[in-house]
Amino acid sequence: MPVVNADVAAVFNQIADLLEVQGANPFRIRAYRNAARNVSELGGSVAEMLSRGEDLDVLPGIGADLAGKITEIVASGTCQQLESLRKEVPPAITELLAIPRLGPKRVRALHHELGVQTLPELLKAARDGRISRVPGFGPKMEQQILEAAASRLAQERRFKLGVAAQVADALLAELTQVLGVGQVVAAGSLRRMRETVGDLDLLVTARRGSPVMERFAGSPDVGQVLSKGPTRASVVLRNGLQVDLRSVQPASFGSAWLYFTGSKAHNIALRRMAQDAGLKLNEYGLWRGGERIAGETEASVYRALGLAYIEPELREDRGEIEAARGHRLPKLVRLADLRGDLHVHTRESDGRDSLTAMAEAARSRGLRYLAITEHSKRLALARGLDAGRLARQIDQIDELNAGLHGITLLKGIEVDILEDGRLDLPDVVLERLDLVVGAVHEEFELPRERQTDRLLRAMDHRCFTILAHPTGRLIDERPACDIDLERVIRHARQRGCYLELNTQPARLDLTDLACRMARDEGVLVSIASDAHSTLELDHMRMGIGQARRGWLRAQEVLNARPLTALRALLDATMGRAARPRRAAVAAAPEPADAHAE
Ligand code: DGT
Ligand code: CA
Ligand code: CA
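Remember, it's a predicted structure, so these values are computed and weren't measured experimentally.

Chemist: Whenever I open this one, the overall build of the protein chain confuses me. Can you help?
Modeler: When you go through the protein chain residue by residue, the secondary structure sums to 25 helices and 17 strands. Split into buried and exposed, the 597 residues of the protein chain put 53% on the buried side. Within the protein chain, contacts between residues at least 6 apart in sequence are counted, and of these 69% link residues at least 24 apart. A total accessible area of about 26600 Å² is found for the protein chain, and carbon and sulfur atoms account for 51% of it. Within the protein chain, the 81 negative side-chain charges are centred at a point lying 4 Å from the centre of the 82 positive side-chain charges.

Chemist: Is there a simple way to explain the side chain of arginine 246 in this structure?
Modeler: Of note, arginine 246 is situated in strand β7 (residues 242-248). Although arginine 246 is buried, it forms no salt bridge, and the closest oppositely charged side chain is aspartate 201 at an N-O distance of 4.1 Å. Once residues within four sequence positions are removed from consideration, arginine 246 is found in contact with Asp201, Leu202, Leu203, Val204, Met213, Thr231, Arg232 and Phe260.

Chemist: Honestly, the environment of leucine 329 in this entry has me stumped. Any pointers?
Modeler: As for its placement among the helices and strands, leucine 329 is situated in the loop between α16 (320-325) and β11 (340-344). A C-alpha to C-alpha distance of 8.7 Å links leucine 329 and tryptophan 551, two positions 222 residues apart in sequence. With sequence-adjacent residues up to four places away left out, leucine 329 is seen in contact with Ala308, Tyr309, Ile310, Leu314, Glu320, Ala323 and Ala324.

Chemist: Which parts of the structure should I look at to understand the packing of helix α2 (residues 26-41) against helix α4 (residues 64-76)?
Modeler: Geometrically, a packed helix pair is captured by the angle between its two axes and the distance between the axes. Put simply, α2 and α4 touch, their axes get as near as 12 Å, and they point 60 degrees apart. On the basis of their axis angle, the class for α2 and α4 is oblique. Every pair of crossing elements has a handedness; the one defined by α2 and α4 is right-handed. When α2 is examined against α4, the residues Ala31, Tyr32, Ala35 and Val39 are found in contact with a partner set consisting of Asp65, Leu66, Lys69 and Ile70. Residues belonging to the contact of α2 with α4 are distributed by class as follows: 6 nonpolar, no polar and 2 charged.

Chemist: Just to check I follow, could you spell out the pattern of salt bridges for this structure?
Modeler: Side chains that differ in sign of charge can pair as their charged atoms come close. Inspection of the entire model under this criterion finds 40 salt bridges. Close ionic contact of arginine 192 with glutamate 316 constitutes a salt bridge, the shortest N to O distance being 2.8 Å. Of this pair, arginine 192 sits in the loop between α11 (188-191) and β3 (196-197) while glutamate 316 is found in the loop between α15 (298-304) and α16, placing the two residues 124 residues apart along the sequence. The same class applies to arginine 192 and to glutamate 316, which are both buried. Several salt bridges share partner residues, and in doing so they unite Arg192, Glu316, Arg318, Asp512 and Arg549 into one network.

Chemist: What's the story with the sheet that holds strand β5 (residues 222-228) in this structure? I'm lost.
Modeler: Strand pairing in a sheet relies on backbone hydrogen bonds. The paired strands run either parallel or antiparallel. Spatial ordering of the open sheet is given by β2-β4-β7-β6-β5, a layout of 5 strands whose pairing is mixed. Either end of the sheet is taken by a strand with one partner, and the two such strands are β2 (181-186) and β5. Within this sheet the neighbouring strands show an average axis-to-axis angle of 20 degrees, counted without direction. Note: β2 against strand β4 (residues 199-206), 4 bridges, orientation antiparallel.

Chemist: How should I be thinking about the site of ligand 1 in this particular structure?
Modeler: Taken together, 16 residues form the shell around ligand 1, and within it Arg158, Ser189, Arg192, Gly198 and Asp199 come nearest. For ligand 1, an oxygen atom lies 2.9 Å from a polar atom in the side chain of arginine 192. Contact distances for ligand 1 include 3.0 Å between an oxygen atom and a side-chain N or O atom of aspartate 201. The fraction of the free accessible surface of ligand 1 (600 Å²) that becomes covered by protein chains is 72%. Only α11, β4, α13 (253-261) and α14 (264-276) provide two or more residues apiece to the shell around ligand 1. Counted by class, the shell around ligand 1 contains 3 nonpolar, 7 polar and 6 charged residues. Both domains that meet at the shell around ligand 1, namely domain 2 (159-247) and domain 3 (253-325), each give it at least three residues.

Chemist: I keep staring at the packing of aromatic side chains and nothing clicks. Help me out?
Modeler: Describing an aromatic ring pair means giving the distance of the ring centres and the angle of the ring planes. Evaluation of the coordinates by the stated rule reveals 4 aromatic pairs. With a centroid separation of 5.9 Å and 90 degrees between ring planes, the pair formed by tyrosine 302 and tyrosine 309 is classed as edge-to-face. By relative accessible area, tyrosine 302 is classed as buried at 1%. With relative accessibility at 33%, the residue tyrosine 309 sits in the partly exposed group. The ring centre of phenylalanine 444 lies 3.7 Å from the NZ or CZ of arginine 478, which sits over that ring. Taking the ring centre of tryptophan 551 as reference, the NZ or CZ of arginine 516 above it sits at 4.0 Å.

Chemist: Sorry, what's going on with the coordination of the calcium ion (ligand 3) here?
Modeler: With distances of 2.3 to 2.7 Å, the protein atoms coordinating the calcium ion (ligand 3) are Asp199 (OD), Asp199 (OD), Asp201 (OD) and Asp244 (OD). In the primary sequence, the donor residues of the calcium ion (ligand 3) line up as D-x1-D-x42-D. The distance between the calcium ion (ligand 3) and the calcium ion (ligand 2) comes to 3.8 Å, and aspartate 199 binds to both of them. Of the two residues, aspartate 199 sits in strand β4 while aspartate 244 sits in strand β7, which places them 45 residues apart along the sequence. Exposure remark for aspartate 199: the relative accessible area of 22% places this residue in the partly exposed category. Of the residues examined, aspartate 244 reaches a relative accessible area of 10% and is grouped as buried.

Chemist: So what exactly am I meant to see when it comes to the pairing of β7 here?
Modeler: It is a general feature of regular strands that their side chains alternate between the two faces of the sheet. Summarising burial for β7: 7 of the 7 residues are buried, a large majority. Burial of the side chains of β7 extends over both faces: Gln242, Asp244, Arg246 and Val248 are buried on one face and Val243, Leu245 and Ser247 on the other. Pairing of β4 with β7 involves 7 bridges; the strand directions are parallel. Bridge pairing links leucine 200 to valine 243 in β7. Where strand β6 (residues 232-237) meets β7, 5 bridges bridge the pair, whose relative direction is antiparallel.

Chemist: Hey, could you run me through α13 in this one?
Modeler: In an α-helix, one turn spans 3.6 residues; hence positions three or four apart end up facing the same way. Where burial is concerned, most of α13 is hidden: 7 out of the 9 residues are buried. Among the residues of α13, Phe253, Gly254, Ser255, Ala256, Leu258, Phe260 and Thr261 are the ones counted as buried.

Chemist: Help me understand the coordination of the calcium ion (ligand 2) in this model?
Modeler: Around a metal, the perfect tetrahedron of four donors has angles of 109.5 degrees, and the perfect octahedron of six donors has angles of 90 or 180 degrees. At 2.2 to 2.5 Å from the calcium ion (ligand 2) lie its protein donor atoms, namely Asp199 (O), Asp199 (OD) and Asp201 (OD). Classification of the site at the calcium ion (ligand 2) rests on its 6 donor atoms, whose angles at the metal span 70 to 166 degrees, yielding the label irregular.

Chemist: Just to check I follow, could you spell out the domain arrangement of the protein chain for this structure?
Modeler: Size of an interface, as often reported, equals the accessible area lost when the parts are brought together. Taken domain by domain, the protein chain comprises domain 1 (5-153), domain 2 (159-247), domain 3 (253-325) and domain 4 (335-585). With 13 residues of domain 2 in contact, the opposing surface of domain 3 contributes 13 residues. With both sides pooled, the region where domain 2 packs onto domain 3 buries about 1100 Å², and carbon together with sulfur makes up 63% of that total. Among the residues of domain 2 in contact with domain 3, Arg191, Arg192 and Leu203 are the three that bury the most area, contributing 60% of the side total. Put simply, domain 2 and domain 3 have 2 salt bridges between them.

Here is what the cut-offs are and how they apply
Residues numbered from 1 in each chain as written. Chains lettered and ligands numbered in written order. Predicted model: local features only at pLDDT ≥ 70, side-chain atom pairs only at ≥ 80, totals over all residues. Heavy atoms only, no water. Helix = DSSP H or I, 4+ residues; strand = E, 2+ residues; numbered from the N terminus. Buried < 20%, exposed > 50% of the residue type's maximum accessible area, 1.4 Å probe, protein only. Contact = heavy atoms within 4.5 Å. Areas by Shrake-Rupley, 256 points an atom, 1.4 Å probe, with all protein chains shown as cover. Lys, Arg positive; Asp, Glu negative; His and termini not counted. Charge placed at Lys NZ, Arg CZ, Asp CG, Glu CD. Salt bridge = Lys/Arg side-chain N within 4 Å of Asp/Glu carboxyl O. Axes fitted to C-alpha atoms, helices over the stretch in contact; angles between N-to-C directions. Parallel < 35°, antiparallel > 145°, perpendicular 65-115°, else oblique. Left-handed = near helix turned anticlockwise from the far one by under 90°. Nonpolar A, V, L, I, M, F, W, Y, C, P; charged D, E, K, R; others polar. Pairing = 2+ DSSP bridges. Near = heavy atom within 4 Å. Polar contact = N/O pair within 3.5 Å; in protein donor to acceptor, adjacent residues only side chain to side chain. Domains from an automatic or database assignment. Phe/Tyr/Trp six-rings, centres within 6.5 Å; stacked < 30°, edge-to-face > 60°. Lys NZ or Arg CZ within 6 Å of the ring centre and 35° of its normal. Donors = N, O, S within 2.8 Å, 3.2 Å for Na, K, Ca; no water. Tetrahedral: all angles 85-135°; square planar, octahedral: opposite > 155°, others 65-115°. Buried area = accessible area lost by both parts, 1.4 Å probe.

As structure tokens, then:
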């Protein structure tokens, strides 16, 4: 990118800001500000002047010293002076400068008077009422600084969907109890089930005079009330998550829910459609002139726009509007469609509960089968199984199955994929399993080509059935491995094996977009909890959200198949034509309504 005059001016302004925070000579500071203005108002490009060999000190307000700095900036994008100032001034001070109302003078005053250097310190000082006592600041400015600092802190941090959903559930339950409240719902990215959530958006309908806003602001989890009025309030919870609550009239509930669910891109596309039809869409309704023609429900708005109802998870402007117009929207998979779980651990490796407890817990969640997939020996920390221990577990599961009703345990393993693509256990024991889930747990940083080849080679093993958490990413902790995911997906189709959507809150791997790629290639996805305890079986809920965001239907989900159909698929993948069935339970036909919500 060539350096333009505005870049040069920005560097000069930053130098001036930092000098001012330091309390430097005002004439020096003004010289930089003037230079910034002169350069940005200049007709021609300073970079071009330099390349033509012209002298810069002919420019107004630019002496030899500044001319030298411009030359430096054009060459490198920055200059020595700025870099050394950045080392002298605490870095967090620069963050404070980005807060509206806080120029260098005020930042310097807060630093001097209160020792404030960072955003959290700024927020705390504002909360404690210390800012309004500093000369030049008043209560009004203190409030403005507080809001800006809180929202900047909240903005920077996104919360994992699992955390946000838990918090939202508790708040929604609380609001439902408030007198005069009708509807109580979540909107925003949470409702769309995005893998991370910036802030929570809640919506209620309430009778006039309902104390809903007071109750919300007074909730025990609230750390800071940013604003509170009769129809809207914003708070920051003690864990740092911001929550916006709005109250609307029942007649606009649907259009408000639609608006605050977003995404912004989806909203914009809808509004454009409305305009093209001579209508106006906003959070109060869909309007023809002064008449509200829809708005009480979301469906009424979509209908009036000539669209089928669009599920929240699809509202990302990724083709859903065209599909809704042509009545080609997919019927998305639901939690209740899942018949089993193909990846869980017990105490035998690093899980917390017993085989029997896991089986009971899965059955009580309406599942009909559960694959036990412990770690393999390479993962010593997780007490991974060697061939002998796995053989014993296989026998144990066979025995247990004979006595289990309503659920079948499948024999599996989460076998490590070694660095060269071989599997961590010998074929003789893998052959005895119902399925083999392969996973990378080490060597995440191989170059793209090698990492991809490693996965493809593992998938080519004749016992391989499902690739666990294909990219290895951990939200906020570890980036995805550098792999050619398209190649992996295509290879899975050719090989006839499957990919996992691991629903651990930090994993959600495959991502929504990767699910959609798998769907487009015709590769079935196993939505798996990877539960290490009975409670973790509930992680499925967030995973279903990602699958739905990836446009998956039940027929594209491996574990939405009944057991018999699943067994046939697994057998085909493992190169087994048909097998004798030992346990009668396994062969028994399942009633169609066997799975509950
Ligand atoms: P987040 O909070 O970053 O995870 O993402 P959202 O989608 O929850 O975004 P948020 O909280 O800023 O706003 C909630 C919804 O409100 C958003 O999904 C759509 C709607 N919205 C916000 N700003 C605008 C806007 O400028 N135009 C339109 N059309 N809609 C907006
Ligand atoms: Ca939000
Ligand atoms: Ca919001």
